[in-house]
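Listed below are the residues making up each chain.
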Amino acid sequence: MLNRSLPPAYKEVNDINFIAPEQKQLSNGIEVYTFNAGQKELVRVELIFNNINWDQTKPLQAVTVNNLINNGTSTLSAKEIAEQVDYYGAFLQTEYGADHITITLYSLSKHLRSVLPILKAILSESIFPQQELDIFIQNQKQKLQVNLQKNDFLARKTFAHTIFGNTAYGSDISMSDYDALQRDDLIQYYQAAFKPENCVIIAAGKFEAKEFGLLDEFFGKDWANHSASTLNDFNYLPTIGNKIVIEKPESLQSAIRMGKLAINRSHPDFPAFQVLNTLLGGYFGSRLMANIREDKGYTYGIGAGVASLKNAGYFFIATEVGADVCQNALTEIYKEIEILRTETVSDEELGLVRNYMLGSLLGSLENIFSHADKFKNLYFSKLGYDYYSNYIHTVKNIGAQEIQQIAQTYLDPNTFVEVVVGKTN
């Protein structure tokens, strides 16, 4: 009989193998990184463009272009684009990030010749119909109006604006920003951003010489665009010790978001900081979850994170708690941080965190697309695969005293921005 009172035995993760891409170039100089699985007839092609030409008076240019880029070209309507992509069993998605816009195509390899022309038209002939823009503005204003009533949205928005200011990372979007959107501004941004000089392509799946030839045929031979553009580049000064309260007396729950500017993936301390973050609030067995949720019952969930952006990094803690226990929750959060700064973690707890982090990394490499995603982290941080070797070494070997030192360096509560939205007492 299986004794269910005993946990299953676990094995330590030793080696994690990463698949590196093959680097090529299209005829017009676009860098292409390919991950060839060579079995299933599925391919993912990502065209990634840097966000450019930041103008704080027009903060919605890039995200609006991302949302409307496949809503009509000079020869195809939004409906026709969707129908043709669907006809070939393909899938097309656009994704806006703080640093990049990614246009992703999933397709069977045998249909690439049919669907790549559609993708090419989207990237070179989009016209941003006024009717589509009007619908987008109306929908987004309604969405913003709803979100502004949500405490967690307000906390996240206020926190980002406080530490990043009027930049692409923290712009304080309002209704008037949507009203100011102009079709001409979108076309101007589109022409400046979507060009070979601002593009890198990452292809994964069954992507061999034939598929590369098709990619070069449609995107390397006659795609040229030399509109002026400047890469976004932001510098930040730490916002020290701000405490912001947005009172909403009718709230049953209060949203808490706190943290600070920190390091990003390119800093040598980043892997150690990730271990510290996991201990504090980075997984279900973390100290914040054990205290704030399991012991005190103040919340359904609380977490901490370390985010890496191109021009900055930041650390945050986020939760929603009962309005009547908001101050108690804040006290307990700072208490857990202080314990990490003044006491060393036990070998048993550190062992659990090590196994969780290495297991998560191993589990995240489930297919060839996952390996491509891991490569993107390196590419856009200008790092090599030795980063992952160093990460694994750090997780396996970091000691309790080093964790305490990292906590003392990066988790000084006096440097935190603290945002509370709701009732505070």
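Quick caveat, the model's predicted, so the values are computed rather than measured. As a convention, each chain's residues are numbered from 1 in the sequence order in which they are written. In keeping with the model being predicted, local features are shown solely for residues with a pLDDT of at least 70 and side-chain atom pairs are shown and tallied solely at 80 or more, while totals for entire chains, interfaces and linings include all residues. For side-chain calculations, the full set of non-hydrogen atoms in the structure is used, while hydrogens and water are omitted.

(A) Seen up close, the environment of Asn-36. We count a stretch as a helix when DSSP gives it H or I for four or more residues in a row; a strand needs E for two or more, and each element gets its number in order from the N terminus. For Asn-36, the position within the fold is in strand 2 (residues 31–36). Taking C-alpha positions, Asn-36 is 27 Å from Ala-82, a pair spaced 46 residues apart along the chain. Not counting chain neighbours up to four residues away, the residues in contact with Asn-36 comprise Gly-205, Lys-206, Phe-207 and Glu-208. Polar contact is the term for a pair of N or O atoms within 3.5 Å; when the atoms are in protein, one must be able to donate a hydrogen and the other to accept it, and sequence-neighboring residues count only if both atoms are side-chain atoms. Within the structure, Asn-36 has its side chain in polar contact with the backbone nitrogen of Phe-207 (distance 3.1 Å). Here, residues are in contact when the closest pair of their heavy atoms is within 4.5 Å.

(B) Looking closely at the pairing of strand 9 (residues 302–308). To sort residues, take the accessible area from a 1.4 Å probe on protein chains only and compare it with the maximum for the residue type: under 20% means buried, over 50% means exposed, and anything in between is partly exposed. With five of its seven residues buried, strand 9 lies for the most part within the structure. In sequence, strand 9 turns back onto strand 10 (residues 313–322) through a hairpin of four residues. Here a strand pair is declared whenever DSSP counts at least two bridges between the two strands.

(C) Molecular detail of the pairing of strand 11 (residues 417–422). Most of strand 11 sits inside the fold, with six of its six residues counted as buried. For strand 7 (residues 243–247) and strand 11, the ladder comprises five bridges, and the chain directions are parallel. Each bridged residue has a counterpart across the sheet, and for Ile-246 the counterpart in strand 11 is Val-421. Looking at chain direction, strand 8 (residues 253–262) and strand 11 are connected through five bridges and run antiparallel. The residue bridging Gly-259 from the neighbouring strand is Val-417, located in strand 11.

(D) Up close: empty space enclosed by the protein. We place a 1 Å grid over just the protein atoms. Points where a 1.4 Å probe fits but has no way out form a cavity, open points with protein on both sides within 12 Å along at least 5 of 7 lines form a pocket, and any residue with an atom within 4 Å of a point lines it. Grid points are joined across faces, edges and corners, and a volume is the space filled by probe spheres set on the points. Scanning the model with the defined rule gives two cavities of 30 Å³ or more in all. Put simply, the largest cavity is a space of about 80 Å³. Looking at the largest cavity, it is lined by 14 residues, and the ones nearest its centre are Ile-52, Trp-54, Ala-62, Tyr-189 and Asn-232. Along the lines of polarity and charge, the residues of the lining of the largest cavity split into eight nonpolar, four polar and two charged. The computed volume of the second largest cavity comes to approximately 40 Å³. Lining the second largest cavity, in full, are Asn-50, Asn-51, Ala-98, Asp-99, Asn-232, Phe-234 and Lys-310. Polar here means any residue outside two lists: the nonpolar Ala, Val, Leu, Ile, Met, Phe, Trp, Tyr, Cys and Pro, and the charged Asp, Glu, Lys and Arg; Gly therefore counts as polar.

(E) Spatial organisation of helix 12 (residues 347–363). With 17 residues, helix 12 should reach 24 Å at 1.5 Å per residue; the first-to-last C-alpha distance of 24 Å fits that figure. Among the structural elements, helix 9 (270–282), helix 10 (287–295), helix 13 (368–379), helix 14 (386–397) and helix 15 (400–410) are those in contact with the buried residues of helix 12. By definition here, a helix of n residues has an expected span of 1.5 Å times n minus one.

(F) Spatial organisation of the packing of helix 3 (residues 112–125) against helix 8 (residues 209–219). Only C-alpha atoms enter the line fits that serve as axes; for helices the fit covers just the stretch in contact. Angles between N-to-C directions range over 0 to 180 degrees. Helix 8 packs onto helix 3 with a crossing angle of 30° between their chain directions and a minimal axis gap of 10 Å. The way helix 3 lies across helix 8 gives a crossing that is right-handed. Here Leu-112, Arg-113, Leu-116, Pro-117, Leu-119, Lys-120 and Leu-123 of helix 3 lie close against helix 8, whose contacting residues are Glu-211, Leu-214, Leu-215, Glu-217, Phe-218 and Phe-219. By definition, any crossing whose near helix is turned counterclockwise from its far helix by less than a right angle is left-handed, and any crossing with a clockwise turn is right-handed.

(G) A look at the layout of surface pockets. Within this model, the largest pocket holds a volume of roughly 930 Å³. Taken together, 31 residues make up the lining of the largest pocket; nearest its centre are Tyr-96, Phe-153, Ala-168, Ser-171 and Ile-173. Counting residues per element, the ones that place at least two in the lining of the largest pocket are helix 1 (61–68), helix 4 (130–147) and helix 5 (151–164). At seven residues, helix 5 tops the list of elements feeding residues into the lining of the largest pocket. Taken together, the residues of the lining of the largest pocket break down into 19 nonpolar, seven polar and five charged. Taken as a whole, the second largest pocket spans an internal volume of roughly 530 Å³. When residues in the lining of the second largest pocket are grouped by element, the largest group, four residues, is from strand 5 (residues 100–108). Residues of the lining of the second largest pocket, tallied by class, amount to six nonpolar, eight polar and eight charged.

(H) Main features of the environment of Tyr-379. Note on placement: Tyr-379 falls in helix 13. Judged by relative accessible area, which is 26%, Tyr-379 ranks as partly exposed. For the pair Tyr-379 and Gln-25, spaced 354 residues apart in the sequence, the C-alpha separation amounts to 16 Å.

(I) Molecular detail of the pattern of salt bridges. Salt bridge, as used here, is a side-chain nitrogen of Lys or Arg placed within 4 Å of a carboxyl oxygen of Asp or Glu. Inspection of every chain in the model, using the stated rule, returns 19 salt bridges. Lys-157 is paired through a salt bridge with Asp-172; the nearest N and O atoms lie 2.2 Å apart. Separated by 15 residues along the polypeptide, Lys-157 in helix 5 and Asp-172 in the loop between helix 5 and helix 6 (175–179) bring together distant segments of the chain. Taking the shortest distance from any N to any O, the salt bridge between Lys-376 and Asp-373 comes out at 3.2 Å. One end of the pair, Lys-376, and the other, Asp-373, are both in helix 13, three residues apart, so they sit about a helical turn from each other. Several salt bridges share partner residues, and in doing so they unite Arg-44, Glu-46, Asp-373 and Lys-376 into one network.

(J) Quick peek at the packing of aromatic side chains. Here the aromatic set is Phe, Tyr and Trp, taking the six-membered ring for Trp, and pairing holds for ring centres within 6.5 Å; pairs whose planes are under 30 degrees apart are stacked, those over 60 apart are edge-to-face, and all others are tilted. If you walk through the whole model with that rule in mind, you get 33 aromatic pairs. Consider the rings of Phe-18 and Tyr-388, whose centres lie 4.5 Å apart with planes at 10°: the pair is stacked. With a gap of 370 residues between them, Phe-18 in the segment before strand 1 (22–25) and Tyr-388 in helix 14 connect regions that are remote in the sequence. A relative accessible area of 21% means that Phe-18 is categorised as partly exposed. The class of Tyr-388 is buried, set by a relative accessible area of 5%. Three or more aromatic residues joined by ring pairs form one cluster here, namely Trp-54, Phe-159, Phe-164, Tyr-169, Phe-234, Tyr-236, Tyr-314 and Phe-316. Two conditions define a charge sitting above a ring: the NZ of Lys or the CZ of Arg must be within 6 Å of the ring centre, and it must be within 35 degrees of the ring normal. One residue, Lys-24, lies across the ring of Phe-212, its end atom 4.7 Å from the ring centre.

(K) Spatial organisation of the sheet that holds strand 8. Pairing within the open sheet is mixed, and its five strands lie in the order 7-11-8-10-9. Whereas interior strands pair on both sides, the edge strands pair on one side only; in this sheet they are strand 7 and strand 9. Neighbour-to-neighbour, the strand axes of the sheet open up by a mean angle of 15°, direction not taken into account. Pairing of strand 9 with strand 10, which is carried by seven bridges, proceeds in the antiparallel orientation. By the bridge assignment for strand 10, Gly-305 is matched with Phe-316.

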